[in-house]
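Structural characterization, general
One letter stands for each residue in the lines below.
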Amino acid sequence: MGLTIGLVNTYSTLNIGDAAIYNALTALASEAQVIAKFQDLEPEYIPGLQIVQQMRRCDGYISVGGDIFNNAREGLITKAFIRNLLQLQRSPRQTFLFGQSIPRSCHGLSFQALAFCLRRLAAVCVRDTESHQRLTQAGVSAILSFDAAFTLAVSEAAKQTAQKILEAQEIQPQAAALISLRAFDSMYSHDNQQFQHQLITLSRNCQQQGYQPVLLIQSQAYGADNDLAVAEQIAQKVPGLKIFNPFGVANQLPTWELVMGALAISRVIVAIRYHTAVLALASGRIPFNLYYSNKGQDLTQRLNLPGCSLKDFNPDKSMDAIASTATATFDHQIIRQQVQQDFQKCYQQLVNSH
């Protein structure tokens, strides 16, 4: 019998970035049986992953990527944060952390507690330079890599399905400006009113330049992590603005793959959500990257992407830079191979511990 690997610190399949990570890790550990438990009442389809009601004892555990270690209460440690730490403590020598970012909200006492737990794990691999520096300084021997979703590939079927869905909404992909968005809360600071104003102006500017602006729904998860409400408010102010919602269509593909198909065929991409940028890059496209946290800033700096911090974004001055990405391509093979190699390094530590 092969190994059983449990994904721990999971969040939700209703956030496409997270769903992409779960899919990538399941494929990377394909010789094992991979299981996970989610809070979702109706989880989205993740090929190869066995979704369970209750986590059973596994041969090894992967603490999944994302900003799992957000700690929203300054000076205190939240219950959610402690629950996440306990999952790392279940079987530390048989657990590795892969593709995480350590958010800036995790500092002081919460960061010390996290670093203490991480020092005991089989391996630790993070996806941004700032997280890597912080952990290394705290005595954690961490590997610096990229997000696990870089190992995913876009299929012809996904491009064709995305094209049909867009055309059914009277969107021509070759004229589409695909724009992701989110609501902001205590986890990520940005003024929601200012953000809506930025996107309304951007959408109108796209229309004036002959693009069809399309808001991309990338999450319908919990609390502020639900894009549709924000998209609908913006759409009310911009006649002719369209919304692409991969959760609302019946098809056989995982949601992340449908999004990747749409990114691959759209004229230009404005990435506000981190995984819009990752999935665009993984399909060979260069997005205009507007970051709001260390993970997005890291992509811009290490991969030299066009874009800026969301707080500095001026939609009136950026149209030329956005337009110039239409013909730019990205060589994703090198990063894909690096992430695969880094995963194997960590995975071998698990296999060797048996």
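The notes below deal with the structure included here. Just so it is clear, the model here is predicted, and its values are computed rather than measured.

1. Notes on the overall build of the protein chain
Looking only at helices and strands, one finds twelve helices and 13 strands in the protein chain. The C-alpha radius of gyration of the protein chain comes to 20 Å, within 12% of the 20 Å expected for a compact globule of 354 residues. Here the C-alpha coordinates of the protein chain stretch approximately 60 × 45 × 35 Å along the principal axes. For the protein chain, with 354 residues in total, the buried portion stands at 59%. Sequence-distant contacts, at least 24 apart, represent 73% of the contacts inside the protein chain between residues at least 6 apart. Across the protein chain, 28 positive and 26 negative side-chain charges occur, with their mean positions spaced 6 Å apart.

2. Notes on the sheet that holds strand β9 (residues 212-216)
Spatially, six strands are ordered β10-β9-β8-β11-β12-β13 in an open sheet, and the strand pairing comes out parallel. Edge positions in the sheet fall to β10 (242-244) and β13 (307-309), since each has one partner strand and no second. This sheet shows a mean twist of 20° between the axes of neighbouring strands, independent of strand direction. Sheet topology note: the strand β12 (residues 288-291)/β13 ladder contains three bridges and is parallel. Its bridge partner being in β13, Asn289 is matched across the sheet by Gly307. Running at roughly 170° to strand β8 (residues 176-180), helix α6 (residues 192-208) makes contact with β8, β9 and β11 (268-271) of the sheet. Running at roughly 165° to β10, helix α7 (residues 227-237) makes contact with β9 and β10 of the sheet.

3. Let's talk about the nonpolar core
One finds Leu25, Phe98, Phe150 and Leu279 to be the most contacted residues of the largest nonpolar core, which totals 98 residues. The contact partners of Leu279, leaving out residues within four places of it in the chain, are Ile16, Ala20, Ala149, Leu152, Trp256, Val259, Met260 and Leu263. Counting residues in hydrophobic clusters, the runner-up holds 19 residues, among them Ile68, Ala115, Val124 and Val126.

4. Here we look at the sheet that holds strand β2 (residues 33-36)
Sheet architecture is open: seven strands sit in the order β3-β2-β1-β4-β5-β6-β7, paired in parallel fashion. Of all the strands in the sheet, the pair left with one neighbour each is β3 (50-51) and β7 (142-144). Bridging between β2 and β3 involves two bridges; their strand directions are parallel. Within β3, the residue paired with Ala36 across the bridge is Ile51. Sheet contacts for helix α12 (residues 333-352): β1 (4-8), β4 (60-63), β5 (95-100), β6 (123-126) and β7; angle to β5, the most-contacted strand, approximately 165°.

5. Some points on helix α4 (residues 129-137)
Taken as a whole, α4 has its buried residues at Ser131, His132, Arg134 and Leu135. Viewed end-on, α4 has its buried residues packed into an arc of 165°, placing them on one side of the element. Immediately beyond the C-terminal end of α4, within one or two residues, lies Gly139, with a positive phi of roughly 85°.

6. As for the pattern of salt bridges
Tallying each qualifying case throughout the model produces seven salt bridges. A salt bridge links Arg127 to Asp147; the shortest N-O distance between them is 2.6 Å. Of the two residues, Arg127 sits in the loop between β6 and α4 while Asp147 sits in the loop between β7 and α5 (156-168), which places them 20 residues apart along the sequence. Side by side, Arg127 and Asp147 carry an identical accessibility label, which is buried. The salt bridge involving Arg273 is made with Asp225; its shortest N-O contact spans 2.6 Å. Here the residue Arg273 occupies a position in the loop between β11 and α9 (274-282), and Asp225 occupies one in the loop between β9 and α7, the gap between them amounting to 48 residues. Taking relative accessible area as the criterion, Asp225 reaches 8% and is therefore assigned buried. A single salt-bridge network, built from bridges that share partners, covers Asp225, Asp227 and Arg273.

7. What about the packing of helix α1 (residues 16-28) against helix α8 (residues 255-265)?
It is at 8 Å that the axes of α1 and α8 come closest, and there the two elements cross at 110°. The angle between the axes of α1 and α8 places the two elements in the roughly perpendicular class. Contacts between α1 and α8 involve Ile16, Ala19, Ala20 and Asn23 from the first element and Thr255, Trp256 and Val259 from the second. Residue composition of the contact of α1 with α8, grouped by class: five nonpolar, two polar and no charged.

The rules behind these values
Residues numbered from 1 in each chain as written. Predicted model: local features only at pLDDT ≥ 70, side-chain atom pairs only at ≥ 80, totals over all residues. Heavy atoms only, no water. Helix = DSSP H or I, 4+ residues; strand = E, 2+ residues; numbered from the N terminus. Rg over C-alpha atoms; globule rule 2.2 N^0.38 Å. Buried < 20%, exposed > 50% of the residue type's maximum accessible area, 1.4 Å probe, protein only. Contact = heavy atoms within 4.5 Å. Lys, Arg positive; Asp, Glu negative; His and termini not counted. Charge placed at Lys NZ, Arg CZ, Asp CG, Glu CD. Pairing = 2+ DSSP bridges. Axes fitted to C-alpha atoms, helices over the stretch in contact; angles between N-to-C directions. Core = buried A, V, L, I, M, F, W, Y, C linked by side-chain atoms within 4.5 Å. Arc of directions from axis to C-beta. Salt bridge = Lys/Arg side-chain N within 4 Å of Asp/Glu carboxyl O. Parallel < 35°, antiparallel > 145°, perpendicular 65-115°, else oblique. Nonpolar A, V, L, I, M, F, W, Y, C, P; charged D, E, K, R; others polar.

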